[in-house]
Every structure is written in C-alpha cells, then in structure tokens.
Amino acid sequence: MKLSKDPMSKRKDILTDRSDLKEMPFTVPEGYFAEMSSKVLASTTARAVEMGTGSGRKPFYYYAAAAVTAVLLAVGTVGGLLSENGDTQHMLSESDYVFFCTDLIPATAPETVYYSYYDGSDDITDEDIVNYLIESGADVSLYLNE
Amino acid sequence: MEKKWSDDRIMSEYRDGHREKAFEALMEAYRERLYWHIRRFVCSHEDTDDLLQETFVKVWSSLPGFRGDSSLLTWVYRIATNEALNFLRRQKVRGMLHAESLDTILNKKIDTDPWFNGNELQRELHKAMARLPKMQKTVFSLRYFDDLSYKEISDITGVSVGSLKASYHHAYTKIRQELEKKF
C-alpha cells in the first residue's frame, strides 16, 4: 500500500493499529522476578558484610597501601628522570622524553575517551537536518515520505 | 510487600535508615520495567538477567549519592540503558572477531529464543528494532513501549528533546515501513 503524500489523510499505521505490538512476546521462567530480587539482595548484603568485617578490611588496606607505594615510586622515578638537574637529564633520550611527556588522553582527540550516544564524525547528519526542520516548525513528514 | 511504594516513600525510608527495605521496594517497583527495557536491547533472557542484576547492584552502590536532581525513574532507567548499550558495544567488538555483525547476532538470538511466544509480526518488530542505531533504538524503546515523555527520555539520555523527536520519527517511520511491506 503506497503512502499518501498528504500527512493529514487517514492511512494505515500498523504500529498504532496493532495493539499486540506493544506487548512483549516473551515469557520468563516462573518466579524469576522474585528470585532475581533475592539474589541481588544477597549479593549486596554479602558485599556490605565483607567491607564491614576485619577479614574483609585488612586485605583492602594492604592493597591500598601497596597501590599508593607503587604510585609514589613511579612518580619519584619519572620525576627524577625528568628533572632539570644535569645529573639526570642526560639519562633520557629524546624519544623517551616524548613518551613520558605525552598525554595519555590525546590532546587532539579527547572525545575518544568518552562514550557518546552518537557514532561517527561531527558532520551534519540527516537527523540534525530533520531536528532543525522540526524546531523551526516545518512539516517534515512530506520529506520523509519520499 | 503488598503494594508498591512510591518513589518518595522509597527515598524517605532509605534516608530514615531502612535501607534494605527501601531497596527491596525499589527493585519491586522497577524490576519488570527494566527487565523488558534491557531485553529489547540484548534480545536474550540470560544476558538480560545478568545486566539487570548488575543494574541493581549499581543502583544499590550509588543510592547514598542520589540527590534527587532527577527522578528515581529516570535515574534507574539511565543506569539500565547504559548497561545495555555497553553490553551491545562489547558484543559488537566480539562479533567483529568472528566476522559477524551485531545485527546478525541479535537477529539470531530473536529467531532462536526459547522464551518467544508471540506471532510473526511481533518477531519482525523486534528484529527491526535490533537493526536500529543505538539512539533510535533507545528512544523508540522508551517512547513506544514504555510511553515515557520526551522530557523523561531527555533526562535519561542527556539528549535534547528536539533531537529525540527527530530520532523517534526516523525510527518509527523506518520500522513502520518495514512491517507494512511484509504484512
């Protein structure tokens, strides 16, 4: 059935006419939702207990102390290597210096570390055009029916 | 728990220190809606189950910091939507290693789903939805199935109402034309 170019004419709309389409055509195992809630409650309670007791806390503090020590050592080593002190500067070749001074997040493409709902480039997309037309009050249905 | 608590009551009980009871009420209020929302993205009960549990674990961890800048509804939906979209991103990468597109993976899951109990038109609708880009898929799921307002969807996605309207119009028209060609 061809779609009319007149958006005001009554025409078949399967997504509106068929009410069964809004129902989810899947079942779930019996008792699933109640069980799922119990599992999550048990998991969150177990984690809370682990963090609250001595046996859970001690390893956490050891790991935290080890991590801090590692970071301090790394910073101290790199800082020493990069210092302007003549004793250490000669230790780094030019390529090493570039490596240690390069940002981990590329200055030219910072968006690469962010997850965006939009893929692709910054070019104007069809959606941008339709959005502009809608916001300016134009009737877009004529264009979308071509 | 006989009657579902309102969002205000859930947060009030939580702040009064009845945290587990409040969290239980929150899960009861939202578990089904979030389950079906996630299911429309990932097309499998097992994956949905994992992601739903992860969603609620994150909700539990983040509740202490929830300030009420958004409603509880849009906040939990946002967490669930991000879980689903991140899952699809990982599926897409895994699919590339096996030379299989995400569309193909999701369509296979729908075709072989043992929990499917609908008709062919419903199956084709979900397959058409699986083929949508993620923005269109998100807004179509929230608007067509969950009947959320554009303002609520904007709070969930961080996208402007105008862009959402455009995306929904695209998605709706695309799916409608696909289904009307076949049925």
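Source: prediction; values computed, not measured.

1. Brief notes about the overall build of chain B
Each helix and strand counted, chain B has 9 helices and 0 strands in total. Each helix and strand of chain B, placed in order from N terminus to C terminus, yields the pattern α-α-α-α-α-α-α-α-α. Counting the 183 residues in chain B, one finds 58% classified as buried. Sequence-distant contacts in chain B: of pairs separated by 6 or more residues, those separated by 24 or more amount to 62%. Carbon together with sulfur atoms contributes 48% to the accessible area of chain B, which is approximately 8300 Å² in total.

2. Some thoughts on the overall build of chain A
The helix and strand tally for chain A stands at 7 helices and 0 strands. Element order for chain A, N to C, with α for helix and β for strand: α-α-α-α-α-α-α. Looking at chain A alone, contacts between residues at least 24 apart form 20% of all its contacts between residues at least 6 apart. For chain A, the computed accessible surface area is about 11100 Å², with 61% contributed by carbon and sulfur atoms.

3. Quick look at the interface of chain A and chain B
Accessible area lost when the parts come together is the quantity often used to give the size of an interface. Contacts between the two partners involve 44 residues from chain A, matched on the other side by 55 residues from chain B. Taken together, both faces of the contact between chain A and chain B bury some 4900 Å²; the carbon and sulfur share is 63%. The interface formed by chain A and chain B includes 1 salt bridge. Ionic pairing is found between R176 of chain B and D13 of chain A, a salt bridge with its closest N-O pair at 3.9 Å. Here chain A is connected to chain B by 15 residue pairs in polar contact (both at pLDDT 80 or more). The set of elements that each furnish at least two residues to the side of chain A that touches chain B consists of α1 (14-17), α2 (32-52) and α6 (126-135) of chain A. Top contributing element to the side of chain A that touches chain B by residue count: α2 of chain A, with 12 residues. Its residues assigned to classes, the side of chain A that touches chain B comprises 22 nonpolar, 9 polar and 13 charged.

4. Looking at the packing of aromatic side chains
Residue and element names in this part refer to chain B. Per the stated rule, a full pass over the model turns up 15 aromatic pairs over all chains. Residues Y144 and Y172 carry aromatic rings whose centres are separated by 6.4 Å and whose planes lie at 65° to one another, so their mutual orientation is edge-to-face. Of this pair, Y144 sits in helix α7 (residues 134-145) while Y172 is found in helix α9 (residues 161-182), placing the two residues 28 residues apart along the sequence. The buried category is assigned to Y172, whose relative accessible area is 17%. Taken together, the ring pairs connect F140, Y144, F145, Y150, Y168 and Y172 into an aromatic cluster.

5. Quick look at the confidence of the model for chain A
All names here are of chain A. Per-residue pLDDT for chain A has a mean of 66; in total, 32% of the residues score no lower than 70. By mean pLDDT, helix α4 (residues 86-89) is the weakest element of chain A at 49, and α1 is the strongest at 93. In the model, residues 1-9 has pLDDT below 50 throughout and makes 14 contacts with residues more than four positions away in sequence or in other chains. Scored below 50 in pLDDT, residues 112-118 makes 18 contacts in the model with residues more than four places away or belonging to other chains.

6. Re empty space enclosed by the protein
To find leftover empty space, a probe the size of one water molecule is rolled over the atoms. All told, the structure shown has 1 cavity of 30 Å³ or more when counted by the stated rule. The computed volume of the largest cavity comes to approximately 30 Å³. Along its surface, the largest cavity is lined by M24 and F26 of chain A together with R39, R40, C43, I110 and H126 of chain B. Across the lining of the largest cavity, the residue classes break down as 4 nonpolar, 1 polar and 2 charged.

The rules behind the values
Position numbers for residues start from 1 in each chain and track the written sequence from start to end. Labels are handed out in written order, letters beginning with A for the chains and numbers beginning with 1 for the ligands. Where totals are concerned, whole chains, interfaces and linings use all residues; where local detail is concerned, this predicted model gives features only for residues with pLDDT of at least 70, and gives and counts side-chain atom pairs only at 80 or more. Water and hydrogen atoms play no part in the side-chain values, which are based on all heavy atoms of the structure. Helix and strand definitions here come from DSSP, where helices need a minimum of 4 consecutive H or I residues and strands a minimum of 2 consecutive E residues; each element is numbered from the N-terminal end. The buried label applies to any residue whose accessible area, calculated with a 1.4 Å probe on protein chains only, is under 20% of its type's maximum; exposed applies above 50%, and partly exposed to all values in between. Residue contacts are counted whenever heavy atoms from the two residues lie within 4.5 Å of one another. Every accessible area reported is derived by Shrake-Rupley at a probe size of 1.4 Å, with residue values counting cover from the shown protein chains alone. Throughout, the accessible surface (probe 1.4 Å) given up by two parts as they are put together, summed over both, is called the buried area. In what follows, salt bridge is the name for a side-chain nitrogen of Lys or Arg lying within 4 Å of a carboxyl oxygen of Asp or Glu. Under this definition, polar contacts are N or O atom pairs within 3.5 Å; protein pairs additionally need one hydrogen-donor-capable and one acceptor-capable atom, and for neighbouring residues in sequence, both atoms have to be side-chain atoms. Any residue outside Ala, Val, Leu, Ile, Met, Phe, Trp, Tyr, Cys, Pro, Asp, Glu, Lys and Arg is labelled polar, Gly included; the first ten of those are nonpolar and the last four are charged. Here a Phe, Tyr or Trp ring, Trp counted by its six-membered ring, pairs with any other such ring whose centre lies within 6.5 Å, and the pair is stacked when the planes are under 30 degrees apart, edge-to-face when over 60, and tilted otherwise. For every residue, the pLDDT score states the predictor's confidence, bounded by 0 at the bottom and 100 at the top. Grid points spaced at 1 Å and placed over the protein atoms alone form the basis of the search, with a cavity being a set where a 1.4 Å probe fits but cannot get out and a pocket an open set showing protein on both sides within 12 Å along at least five of seven lines. Lining residues have an atom within 4 Å of a point. Grid points are joined across faces, edges and corners, and a volume is the space filled by probe spheres set on the points.

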